[in-house]
Amino acid sequence: MPIDQIQPRSYAGIGESSGSFDAGLRAHMQRVYNYMAGGVGLTGVLAWLAANTPLANIVFAPGLSLVFALSPLAFILALNFGVQRMKSGTVQTLFWLFCASMGLSMAYIFLIYTNASIARAFFITSATFAGMSLWGYTTKRDLSAFGSFLMMGLMGLVIASLFNLGIMLFTGQASSMLHWMISVIGVLIFTGLTAWETQQIKQTYAQSWGSEANSKLAVMSALSLYLNFVNAFQFMLRLIGDRR
């Protein structure tokens, strides 16, 4: 089941010249995307290493596999509830540890799906993510209502996933039709959330809060986009992935 979304803390802006603000915003967004891309890259490399090197003996060891599967949740909770009290360096460290733990928890995809289909799902997700994030950044339309609708859809997606899991536990086999519908809806929801959260990142940027606050804000914004990308990728892989 995909990890739930978290929202970056809101920082209100203080008036400044338009040129200075635009330059600061561009630098901030570049920083966000660099963190996000670096996190995705770290996750991908560790996932491949954990599935194709002796590291697999540890990652898939009985008992330890559950620890690796749940460890990303611990970092998410620490970041979400402790970001205001943490130093910028601590937030960055936890972000990279989270991305690393996600890589170890996702190593299974290289055992289930072919490398070609993983690459195909990754590039499709990347292209879709880039397009939706660009739209969210440039559109003049207020996406608040759109985001609220998607968040409700996300709650429904979690409920449907739990229901399908219950079917599998009681019958020994999940509903293939429900599995397909969940995957399609999951791709649509997390793709839409990418546009909405990109707009949210623009609106929460505030250069006047100083480097410490903006550094933490950049990391938390990157985390939100990272989660959208990884979840959309996993659902896309379920749809088009070729099993070994």
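Residues numbered from 1 in each chain as written. Predicted model: local features only at pLDDT ≥ 70, side-chain atom pairs only at ≥ 80, totals over all residues. Heavy atoms only, no water.

Caption draft 1: Quick look at the side chain of His28. By the secondary structure assignment, His28 is in helix H1 (residues 18-52). Each residue touching His28, except ones within four places of it in the same chain, is listed here: Ile201, Tyr205, Asn214, Leu217 and Ala218. (Helix = DSSP H or I, 4+ residues; strand = E, 2+ residues; numbered from the N terminus. Contact = heavy atoms within 4.5 Å.)

Caption draft 2: Representation of helix H3 (residues 64-82). Spanning 19 residues, H3 covers 26 Å between terminal C-alpha atoms, matching the ideal 27 Å at 1.5 Å per step. The axis of H3 is deflected most strongly, by about 35°, at Leu70, and proline Pro72 appears within four residues downstream. (Expected span 1.5 Å × (residues − 1). Bend = angle between axes of the 7 residues up to and from the residue.)

Caption draft 3: Examining the pattern of salt bridges more closely. Taken as a whole and assessed by the stated rule, the structure comprises one salt bridge. Measuring nitrogen to oxygen at the nearest pair gives 3.1 Å for the salt bridge that ties Arg120 to Asp242. Here the residue Arg120 occupies a position in helix H6 (residues 115-138), and Asp242 occupies one in the segment after helix H9 (211-240), the gap between them amounting to 122 residues. On the basis of relative accessible area, Asp242 is assigned to the partly exposed category, the value being 39%. (Salt bridge = Lys/Arg side-chain N within 4 Å of Asp/Glu carboxyl O. Buried < 20%, exposed > 50% of the residue type's maximum accessible area, 1.4 Å probe, protein only.)

Caption draft 4: Summary view of the nonpolar core. Within the largest apolar cluster, 59 residues are counted, with the highest numbers of intra-cluster contacts made by Met36, Phe98, Ile109, Leu223 and Tyr226. Secondary structure elements with two or more residues in this core: H1, H3, helix H4 (88-105), helix H5 (109-112), H6, helix H7 (144-171), helix H8 (176-204) and H9. Broken down by element, this core gets its largest block of residues, 15 residues, from H9. (Core = buried A, V, L, I, M, F, W, Y, C linked by side-chain atoms within 4.5 Å.)

Caption draft 5: Structural context of the environment of Met220. Mapping Met220 onto the fold places it in helix H9. Overall, the relative accessible area of 3% leaves Met220 in the buried class.

Caption draft 6: Structural detail: the confidence of the model for the protein. In the predicted model, the protein carries a mean pLDDT of 87, and 90% of its residues have values of at least 70. Confidence, read as mean pLDDT per element, is least for H7 in the protein (86) and greatest for H6 (96). Contacts of residues 1-16 to residues separated by more than four positions or lying in other chains number 60 contacts, the stretch itself having pLDDT below 50. (pLDDT = per-residue confidence, 0-100.)

Caption draft 7: Molecular detail of the packing of H6 against H8. Put simply, H6 and H8 touch, their axes get as near as 7 Å, and they point 40° apart. Here H8 runs oblique to H6, going by the angle between their axes. The interaxial crossing formed by H6 with H8 has right-handed handedness. Contact residues: Thr128, Phe129, Met132, Ser133, Trp135, Gly136 and Tyr137 in H6; Thr191, Gly192, Thr194, Ala195, Thr198, Gln199 and Lys202 in H8. (Axes fitted to C-alpha atoms, helices over the stretch in contact; angles between N-to-C directions. Parallel < 35°, antiparallel > 145°, perpendicular 65-115°, else oblique. Left-handed = near helix turned anticlockwise from the far one by under 90°.)

Caption draft 8: Region of the structure containing a nonpolar patch on the surface. Side chains of Val158, Leu162, Leu165, Met168, Leu169 and Phe170 sit close together on the surface and give an oily, nonpolar patch of about 620 Å² of accessible area. Mapped onto the elements of the fold, Met168 is located in helix H7. You can call Met168 partly exposed: its relative accessible area is 37%. (Patch = residues over 30% accessible without salt bridge, like charges linked within 9 Å, V, L, I, M, F, W, Y side chains within 5 Å. Areas by Shrake-Rupley, 256 points an atom, 1.4 Å probe, with all protein chains shown as cover.)

Caption draft 9: Main features of the environment of Arg120. By relative accessible area, which is 35% here, Arg120 ends up partly exposed. Counting along the chain gives 121 residues from Arg120 to Gly241, while the straight-line C-alpha distance between them is 8.2 Å. Discounting residues that sit within four places of it in the chain, Arg120 has contacts with Ile240 and Asp242.

Caption draft 10: Here's a closer look at the packing of aromatic side chains. One pass over the structure, following the stated rule, counts 10 aromatic pairs. Measuring from ring centre to ring centre gives 6.4 Å for Phe95 and Tyr226, while their planes differ by 75°; the resulting arrangement is edge-to-face. Linking Phe95 in helix H4 with Tyr226 in helix H9, this pair joins segments that are 131 residues apart in sequence. In this structure Phe95 comes out as buried when scored by relative accessible area, which is 0%. Looking at Tyr226, the relative accessible area reads 0%, which means it is buried. Between Phe129 and Phe229 the ring centres are 5.7 Å apart and the planes differ by 85°, which places this aromatic pair in the edge-to-face class. Note that Phe129 is positioned in helix H6 and Phe229 in helix H9, a separation of 100 residues in sequence. Looking at Phe129, the relative accessible area reads 10%, which means it is buried. Taking relative accessible area as the criterion, Phe229 reaches 6% and is therefore assigned buried. Here a set of aromatic residues connected by ring pairs shows up, and it is made of Tyr35, Phe95, Trp96, Phe98 and Tyr226. Its end group placed over the ring of Tyr137, Lys202 keeps NZ or CZ at 4.6 Å from the ring centre. (Phe/Tyr/Trp six-rings, centres within 6.5 Å; stacked < 30°, edge-to-face > 60°. Lys NZ or Arg CZ within 6 Å of the ring centre and 35° of its normal.)

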